[in-house]
Amino acid sequence: MSLNSNIPSGPMAMKWSKHKQDSKLINPKNKRKFTVLVVGSGLAGASAAATLSELGYKVKCFCFQDSARRAHSIAAQGGINAAKNYQNDGDSVHRLFYDTVKGGDFRAREANVHRLAEVSVNIIDQCVAQGVPFAREYGGMLANRSFGGAQVSRTFYARGQTGQQLLLGAYSALNKEIAAGGVKMYPRTEMLDLVTVEGHAKGIVTRDLVTGKIESHAGDAVLLCTGGYAHRKGAFFANPCYTQIHPTCIPVSGDYQSKLTLMSESLRNDGRVWVPKKKEDCGKAPDQIPEADRDYYLERKYPSFGNLAPRDISSRAAKEACDDGRGVGPGGRGVYLDFAEAIQQFGAKTIAERYGNLFDMYERITGESAYKRPMRIYPAVHYTMGGLWVDYNLMSNLPGLHVLGEANFSDHGANRLGASALMQGLADGYFVIPTTIANYLVGQKPGSITTEHPEFKKAVENCTAQTKKFLNINGKRSVDSFHRELGLLVWDKCGMARTREGLTEAIKRIPELREEFWQNVKVPGSGDFTNPELEKAGRVADFMEFAELLCLDARHREESCGGHFRSEYQYPDGEAKRDDENFSYAAAWEYTGNLSQPILNKEPLTFEEVHLAVRSYK
C-alpha cells in the first residue's frame, strides 16, 4: 500500500505555517455538532481533550486511572525541551530540530520533527500561564539544564517531578472544560477495541473497571493517546523494533523484580559515570578505589558530550563495561554515577534542590545515600519510538483514527533524546491536533454513526466473548508467569544487542508461548467487578502478539541504528552501522490475520535540511 504522509510543500521552516494556513476550518457553531473520543488522559490526551473542548467540540475522554491526574505522564522526571535559548548558548529551532533528527539516527520524518521544534517554544509559554512551577534562577528567570545528545541547556524542569507538574497543568485545563460541560470524563475505564464503519474509525468499546460493564461509544473521530490497540483493526504499526534502553536505572537486585526503577537522565548533568579500571577492584567500596584507577568511560569515549551522550550510546557503553567484567554491585550488573565532585563544587544543598526527590527515592529503594557514595545504575527498557503510523495531520492510515504522543511513530526515529517525550505529547495535544483534525471532520456528517450501528453491536459481542474466554480457560499458570517468561525472552533476544540467530529463536518461541498462554493461563474471579488479573491478562495477550511483530521488524532491518543494535552491523569501534541505501524508510506493518506473516509497507524517508551522516558524539 502506498503511504501518503501529506507533508506540505515549501521550505522546511515554512511547512507548518503553510499547513496551518491551508488547513480546513469549521465554524464555531458547527464544531458543537461533532463528538471526538479521546482515549488516554496523559499529557497528549488531557491537552487534546481540553483544547478541543475549548474550541467547541464535544469531547469524551477515557482514562484507565481513577483520576486523569494519575496518568503515567507523571512518571517523567527530568524535564521538557524547548528552543527558547534563554541561556544565550546558541540554541535555536533549527538546532533542536537537528539534534532530534541526529539523535534519532536519521530515521525520523524531517517535517514532523521541525514542527515539533517550532511548537516547543509555545509549550513553555502555555505551561507557565497555567502555573506550572518550573525551576527558576535567583533573579526569577526560568532555569534550564542539559540533557543527552545536546550541547546547549534547553531543558526546562520542575525539580525531578516535571511530568507530574506538567500533567497537573493539563489536568487543570481539562477540569475547567469538564466543569463547563464540554468534556465528559470516563475514569477507571479500559478501551477494549476500536470500532470501524466502512473503514473509518467511529467509536470504541470499553470496560468499566469497577462494575465490569462492557459498552460502546460513538464519535466522529477517535484520538488514540495511549497504546496501540488499533493494529488488528487495520492501523499500520511503524518501526516496532525501535525500543529505547534507558541507561540510568537502579540495577536488578533479585529475580522477584518485574522491571527496574528509572532514575532521571537529568542526574547525568552533575553525576559522573565510571567503573573500576581493574576487574579485581570491583568488589571494593568505591571510596577505596583511587581516582587514577577509575574509568570515566563516557568522558573517555565521547569527550564532546561526556556523561550526556544519548541514551542508546550510553546504555551500550555500560553493557560493554559490565560484559568486560568491570561492573559493580550484585552480579556485576551496575556502574557508578558519582556526585562527589558536584557536591564539592556546588554543595549538598544545591544538589538537593536539583535532585532531592530522586536521591530520596534511590535511598528508599537501595538503602544507600547518593550524597555519601555513588549511585549504582544499569540500563533498562524504557520507551518505544515506534508506534502507529500517522501522516502529517497525525491521522493513521485508518481515516478518523488520530494518534498522538508516544502512541505514534513520527518524531523520534530510532532513538529519542531525553526530555523530548513531554515535548511531543503537549505539542500534539495543545497545538497540532486542534488545527489538523478539521481536515478530516470537514468531510464528515456529524453524528451520522451511532452505537445502534451493527458494527458496534458486533464489537461489543466480540469483546464480551474475549472476556469470557479469559475466565473460562482455568489453566495452571498465572498471568504474571507468562508475562515474566515473555519479558525475559524478548530482553535476551531483542534487547540492547540483537542478532539474526537470536531473533529467529525468539520468533520461533513466541508463538509457542502464546499458544500455551491461551490454553493454560488462569484468570481468577469474574468479569462482573474489579478484577486486576483480568486486566493484566488482556495486556499480556497484547504483548504476546506485539512481541512477535517487534522481533520480526528487528530481524528484517539488517542494520544498526539508534536503539536497534544488530551486533552483525557495527563499526570497528563498536558504534552502530546504518544502511541508508536499503533501510532509509519507516517500516509500517499491516495485520493480515496471520500474526507471523504481516505485510511490510514502506514510507521512504527524505532529508531536505539534514544531510545523512555517520552519527558521532565524540
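Residues numbered from 1 in each chain as written. Predicted model: local features only at pLDDT ≥ 70, side-chain atom pairs only at ≥ 80, totals over all residues. Heavy atoms only, no water.

1. Examining the overall build of the protein
For clarity, the threshold we go by: The helix and strand labels rest on DSSP assignments: H or I over at least four residues marks a helix, E over at least two residues marks a strand, and numbering proceeds from the N terminus. Partly exposed describes any residue whose relative accessible area lies between the buried limit of under 20% and the exposed limit of over 50%, with all areas from a 1.4 Å probe on protein chains only and scaled to the type maximum. Should any heavy atoms of two residues lie within 4.5 Å, those residues are considered in contact. Areas reported here follow the Shrake-Rupley algorithm with a probe of radius 1.4 Å; residue values treat only the protein chains shown as occluding.
Secondary structure summary: the protein contains 16 helices and 21 strands in total. In terms of overall dimensions, the protein has C-alpha extents of about 75 × 60 × 50 Å along its principal axes. Counting over 618 residues, the protein shows a buried share of 58%. The long-range share in the protein, meaning contacts at least 24 apart out of those at least 6 apart in sequence, stands at 73%. Only carbon and sulfur atoms are counted for the fraction: they give 50% of the accessible area of the protein, which is about 24,700 Å².

2. As for the packing of helix H13 (residues 479-494) against helix H15 (residues 532-556)
The criterion, for reference: To get an axis, fit a line to the C-alpha atoms, keeping to the stretch in contact for a helix; angles then go from 0 to 180 degrees between the N-to-C directions. Here roughly perpendicular refers to angles of 65 to 115 degrees, roughly parallel to angles under 35, roughly antiparallel to angles over 145, and oblique to all remaining angles. Handedness of each helix crossing follows the sense of rotation of the near helix against the far helix: counterclockwise by less than a right angle gives left-handed, clockwise gives right-handed. Gly falls in the polar group here, along with every residue not listed as nonpolar (Ala, Val, Leu, Ile, Met, Phe, Trp, Tyr, Cys, Pro) or charged (Asp, Glu, Lys, Arg).
Close contact between H13 and H15 brings their axes to 10 Å; oriented N to C, the two are set at 20 degrees. Between H13 and H15, the crossing angle belongs to the class labelled roughly parallel. At the point where H13 passes H15, the crossing takes the left-handed sense. Along the contact surface, H13 presents Val479, Asp480, Phe482, His483, Leu486, Val490 and Cys494, while H15 presents Glu533, Lys536, Ala537, Val540, Phe543, Met544, Ala547, Leu550, Cys551 and Ala554. In terms of residue class, the contact of H13 with H15 is made up of 13 nonpolar, 1 polar and 3 charged.

3. Here we look at the pattern of salt bridges
The criterion, for reference: The salt bridge criterion pairs a side-chain nitrogen of Lys or Arg with a carboxyl oxygen of Asp or Glu, the two atoms within 4 Å.
According to the stated counting rule, one finds 56 salt bridges in the structure shown. Residues Asp125 and Lys84 are paired through a salt bridge, measuring 2.8 Å at the closest nitrogen-oxygen approach. Linking Asp125 in helix H5 (residues 110-130) with Lys84 in the loop between strand S3 (80-81) and helix H4 (93-103), this pair joins segments that are 41 residues apart in sequence. Residue Asp125 is classed as partly exposed on the basis of its relative accessible area, which comes to 42%.

4. Quick notes on unusual backbone geometry
Positive phi, close to 55 degrees, is recorded for Asp105, a residue that is not glycine. The phi angle at Arg159 is positive, at roughly 50 degrees, despite the residue not being glycine. Under the relative-accessibility criterion, Arg159 is labelled partly exposed at 36%.

5. Points about the side chain of Asp391
Defined as follows: Polar contacts here mean pairs of N or O atoms no more than 3.5 Å apart (in protein, one a potential hydrogen donor and the other a potential acceptor; neighbouring residues in sequence count only if both atoms are side-chain atoms).
Turning to its location among the elements, Asp391 is positioned in the loop between strand S16 (387-388) and strand S17 (401-403). Side-chain polar atoms of Asp391 contact the side chain of Asn6, separated by 2.9 Å. Filtering out sequence-adjacent residues up to four positions away, Asp391 remains in contact with Asn4, Ser5, Asn6, Arg109 and Asn112.

6. Here's the deal with the nonpolar core
For soluble globular proteins, nonpolar side chains are generally found buried alongside one another. Cut-off, in case you're wondering: Nine residue types can take part in a nonpolar core, namely buried Ala, Val, Leu, Ile, Met, Phe, Trp, Tyr and Cys, and a core is a set of them joined through side-chain atoms within 4.5 Å.
In this structure, Tyr57, Ile80, Leu223 and Leu401 are the most contacted members of the largest nonpolar core, which totals 99 residues. With 11 residues, helix H11 (residues 421-441) is the largest single contributor of residues to this core. Setting aside its immediate chain neighbours within four residues, Leu401 contacts Leu194, Ala201, Val222, Leu224, Ala230, Ala235, Leu388, Leu394, Met395 and Ser396. Cys322, Phe339, Ala342 and Tyr617 belong to the second largest nonpolar core, which has 33 residues in total.

7. Comments concerning the packing of aromatic side chains
For clarity, the threshold we go by: The pairing test for Phe, Tyr and Trp rings, Trp by its six-membered ring, is centres within 6.5 Å, and the orientation test on the planes gives stacked under 30 degrees, edge-to-face over 60, and tilted for anything in between. Charge over a ring is defined by NZ of Lys or CZ of Arg lying within 6 Å of the ring centre and within 35 degrees of the ring normal.
Considering all chains together, one arrives at 19 aromatic pairs under this definition. A centroid spacing of 6.4 Å and a plane angle of 75 degrees characterise the contact between Phe106 and Phe607, whose relative ring orientation is edge-to-face. Placement of Phe106 in the loop between H4 and H5 and of Phe607 in the segment after strand S21 (599-604) is noted, with a sequence separation of 501 residues between them. In terms of burial, Phe106 and Phe607 fall into one category: buried. Among the aromatic residues, those joined into a cluster by ring pairs are Phe339, Tyr355, Phe359 and Tyr371. Geometry around Tyr617 places Lys102 over its ring, the cationic atom sitting 4.4 Å from the centre. Sitting over the face of the ring of Tyr157, Arg145 holds its NZ or CZ atom 3.8 Å from the ring centroid.

8. Thoughts on the sheet that holds strand S11 (residues 243-249)
Counted only if it meets this: The rule for pairing is simple: two strands pair if DSSP sees at least two bridges between them.
Ordered by their spatial adjacency, 5 strands build an open sheet running S11-S15-S14-S12-S13, and the pairing between neighbours is antiparallel. Here the strands that pair on one side only, and so sit at the sheet edges, are S11 and strand S13 (294-295). Most of the contacts of helix H8 (residues 311-326) go to S11, to which it runs at about 65 degrees, and overall it touches S11, strand S12 (272-276), S13, strand S14 (335-338) and strand S15 (375-384).

9. Quick look at the sheet that holds strand S10 (residues 237-238)
The 4 strands lie next to each other as S16-S10-S20-S21, forming an open sheet whose pairing is antiparallel. A single partner strand is all that each edge strand has here, and the edge strands are S16 and S21. Where S10 meets S16, 2 bridges bridge the pair, whose relative direction is antiparallel. Bridge pairing in S16 links Phe237 to Leu388. The strands touched by H15 within the sheet are S10, strand S20 (585-590) and S21, with S20 carrying the most contacts at an inclination of about 145 degrees.

10. Looking at the pairing of strand S7 (residues 200-208)
A large share of S7 lies buried, amounting to 7 of its 9 residues. Pairing of strand S6 (residues 189-197) with S7, which is carried by 8 bridges, proceeds in the antiparallel orientation. Bridge pairing links Val197 to His200 in S7. Linkage of S6 to S7, two consecutive antiparallel strands, is achieved through a turn of 2 residues, within which Glu198 is found at a positive phi near 55 degrees. In the sheet, S7 pairs with strand S8 (residues 214-218) via 5 bridges, with the strands oriented antiparallel. Looking across to S8, one finds that Val205 is bridged to Ser216.

11. Side note on the environment of Arg294
By the element assignment, Arg294 lies in strand S13. Between the C-alpha atom of Arg294 and that of Lys278, which follows or precedes it by 16 residues, the distance is 8.3 Å. When sequence neighbours within four positions are dropped, the list of residues in contact with Arg294 reads Trp274, Val275, Lys277, Pro286, Asp287, Ile289 and Asp338. A polar contact is formed between the side chain of Arg294 and the side chain of Tyr296, at a distance of 3.5 Å.

12. A few points about the layout of surface pockets
A probe as big as a water molecule, rolled over the atoms, marks out the empty space that is left. Spelled out, the test is: In this analysis the probe radius is 1.4 Å and the grid spacing 1 Å, with only protein atoms considered; a cavity is a set of points the probe fits into but cannot get out of, a pocket is an open set with protein on both sides within 12 Å along at least five of seven lines, and lining residues have an atom within 4 Å of a point. Grid points are joined across faces, edges and corners, and a volume is the space filled by probe spheres set on the points.
The calculated volume of the second largest pocket comes to roughly 230 Å³. Together, 14 residues line the second largest pocket, and Ala135, Ala143, Tyr157, Glu353 and Arg354 are the ones closest to its centre. Its residues assigned to classes, the lining of the second largest pocket shows 4 nonpolar, 3 polar and 7 charged.

13. Things to note about the pairing of S20
Here S20 lies mainly inside the structure; 5 of its 6 residues are buried. As judged from the 2 bridges shared by S10 and S20, these two strands associate in the antiparallel manner. The residue bridging Phe237 from the neighbouring strand is Trp589, located in S20. Strand direction decides the pairing type here: S20 and S21, joined by 6 bridges, are antiparallel. By the bridge assignment for S21, Ala587 is matched with Lys602.

Treat this as a map of the structure, not an account of what it does.
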